[in-house]
Amino acid sequence: MAQIEFKNVTKEYEDFIALKEVTIFIEKGEFVFIVGPSGAGKSTLIKMLIRDEQPTSGEVVFEDKNVLDIPREDLCNLRRRIGVVFQDFKLLDSKTVFENVAVATEVVDCPKEEIDAVVPNVLNMVGLLDKRDKYPVQLSGGEKQRLSIARALAHEPDVLIADEPTGMIDPVASDEVMIVLERINEMGTTVVMATHDEVVVNKMKKRVIRMKNGSIVSDKKKGKYDEQSDE
């Protein structure tokens with residue numbers, strides 16, 4: 001049984017069709033790139049997994065449960081199991097590095113002793129433990145993105161979604177972020193990354209699902225960004 005299933009998913013808006021009968025199966029522990037140009041449907045697809053978007057037709061299934069069938073009051077449990085990293089970081093500028101991660105645990109009433117144990121652990125995982133008392137304005141772009149990853153990991157999610165995580169940082173910082181994501185994947189977390197960063201995708205040699213105009217045009221186990229150069 002796949003951990004994540006998109007079954008014949010279509011998403012229609014008033015003026016265009018974002019997704020057209022998309023079917024994808026992702027196994028637990030996979031590292032998957034969803035690639036394609038802006039407007040291909042990548043972000044729309046992954047937002048459906050946490051029900052930020054809903055399909056016009058088709059099913060989105062997480063661990064054998066249709067996401068649409070989850071009661072609204074239980075959505076927080078789904079979203080704790082699926083961490084999300086955004087392109088624009090979404091950090092709280094008035095809080096320290098430690099506090100930015102702690103917020104993710106405080107909103108679900110984690111006891112202080114648990115917060116004090118979890119936060120340093122995830123900061124160490126992303127190489128930011130020595131920055132725990134800094135503020136976001138004092139961090140580089142790559143460090144901000146690693147902090148957003150640490151925050152997403154605070155609940156020890158089963159799946160980590162990364163939506164264009166290298167889109168606003170330089171190539172060196174991108175490499176650092178990808179090292180962190182690969183390490184997280186090696187620890188057993190499923191990673192699904194939407195991107196149009198061709199350099200990153202070609203370096204990693206992971207599964208690549210290529211989209212264009214809302215449809216899947218290729219799905220390669222060890223692919224590259226351009227399907228013509230896939231092995």
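What you are looking at is a predicted structure, and each value in this text was computed from that prediction instead of being measured.

**Some words on helix α6 (residues 171-186)**
Argument step 1. When the terminal C-alpha atoms of α6 are compared, their 22 Å separation across 16 residues agrees well with the 22 Å that a helix rising 1.5 Å per residue should span.
Argument step 2. For α6, the set of buried residues is A173, S174, V177, M178, V180, L181, I184 and N185. When α6 is viewed along its axis, its buried side chains cluster within an angular range of 155° and face the same direction. Looking at α6, the residues exposed on the side facing more than 90 degrees away from the buried face are P171, V172 and E186.
Argument step 3. Looking at the packing, one finds that the buried side of α6 touches β3 (31-35), α4 (112-125), α5 (141-153), β7 (159-163), β8 (190-195) and α7 (198-204).
Argument step 4. Sitting at the head of α6, D170 places a side-chain oxygen 3.1 Å from the backbone nitrogen of V172.
Argument step 5. Downstream of α6 by one or two residues, G188 has phi in the positive range, about 115°.

**Quick look at the nonpolar core**
Generally speaking, nonpolar side chains in soluble globular proteins are found buried as a group.
Argument step 1. In terms of nonpolar packing, the biggest core is built from 43 residues, with F33, L123, I149 and L181 touching the most fellow members.
Argument step 2. Broken down by secondary-structure element, the contributors of at least two residues to this core are β3, α3 (97-106), α4, α5, β7, α6, β8 and α7.
Argument step 3. When residues no more than four places from it in sequence are discounted, the contact partners of F33 are M178, M193, T195, V200, V201, M204, K206, R207, V208 and I209.
Argument step 4. If you look at the next biggest cluster of nonpolar residues, it comprises 29 residues, including I24, V60, I82 and I209.

**What about the sheet that holds strand β6 (residues 82-85)?**
Argument step 1. The sheet built from six strands is open, its strands ordered β6-β7-β8-β3-β9-β10 with mixed pairing. Every interior strand has two partners, whereas the edge strands, β6 and β10 (215-220), have only one. Put simply, the sheet's adjacent strands are angled 15° from each other on average, direction ignored.
Argument step 2. Relative to β7, β6 is paired through four bridges, and the arrangement is parallel. For G83, the partnering residue across the bridge sits in β7 and is L160.

**Some points on the pattern of salt bridges**
Argument step 1. Enumeration according to the criterion identifies 14 salt bridges in this entry.
Argument step 2. For the salt bridge of R81 with E63, the shortest nitrogen-to-oxygen distance reads 2.4 Å. Highlighted residues: R81 in helix α2 (residues 75-81) and E63 in the loop between β4 (57-62) and β5 (65-66), separated in sequence by 18 residues.
Argument step 3. Here D158 and R81 are joined by a salt bridge, their closest N and O atoms 2.7 Å apart.

**Some points on α5**
Argument step 1. Over its 13 residues, α5 extends 19 Å from the first C-alpha to the last, a length consistent with the 18 Å expected when each residue adds 1.5 Å.
Argument step 2. Of all 13 residues that make up α5, eleven are buried, and the element is covered over most of its length.
Argument step 3. Regarding α5, the residues found buried are G142, E143, Q145, R146, L147, S148, I149, A150, R151, A152 and L153.
Argument step 4. Residues of α5 that are buried sit in contact with β6, α3, α4, β7 and α6.

**Considerations on the packing of α4 against α5**
The relative placement of two packed helices is expressed as an angle between their axes plus a distance between the axes.
Argument step 1. Axis separation between α4 and α5 bottoms out at 9 Å; the angle between their running directions is 140°. The angle between the axes of α4 and α5 places the two elements in the oblique class. α4 and α5 meet at a crossing whose hand is right-handed. Residues V122, L123 and M125 of α4 form the contact with α5, whose participating residues are L147, A150 and L153.
Argument step 2. Looking at side-chain class alone, the contact of α4 with α5 contains six nonpolar, no polar and no charged residues.

**Details of the pairing of β3**
Argument step 1. Most of β3 is tucked away, with five of its five residues classed as buried.
Argument step 2. The alternating pattern of β3 places F31, F33 and V35 on one face and V32 and I34 on the opposite face, and all of these are buried.
Argument step 3. Sheet topology places β3 next to β8; five bridges connect them, and they run parallel. Paired with F31 across the strands is V191, a residue of β8.
Argument step 4. Where β3 meets strand β9 (residues 207-212), four bridges bridge the pair, whose relative direction is parallel. The residue bridging I34 from the neighbouring strand is I209, located in β9.

About the criteria used
Residues numbered from 1 in each chain as written. Predicted model: local features only at pLDDT ≥ 70, side-chain atom pairs only at ≥ 80, totals over all residues. Heavy atoms only, no water. Helix = DSSP H or I, 4+ residues; strand = E, 2+ residues; numbered from the N terminus. Expected span 1.5 Å × (residues − 1). Buried < 20%, exposed > 50% of the residue type's maximum accessible area, 1.4 Å probe, protein only. Arc of directions from axis to C-beta. Contact = heavy atoms within 4.5 Å. Polar contact = N/O pair within 3.5 Å; in protein donor to acceptor, adjacent residues only side chain to side chain. Core = buried A, V, L, I, M, F, W, Y, C linked by side-chain atoms within 4.5 Å. Pairing = 2+ DSSP bridges. Axes fitted to C-alpha atoms, helices over the stretch in contact; angles between N-to-C directions. Salt bridge = Lys/Arg side-chain N within 4 Å of Asp/Glu carboxyl O. Parallel < 35°, antiparallel > 145°, perpendicular 65-115°, else oblique. Left-handed = near helix turned anticlockwise from the far one by under 90°. Nonpolar A, V, L, I, M, F, W, Y, C, P; charged D, E, K, R; others polar.

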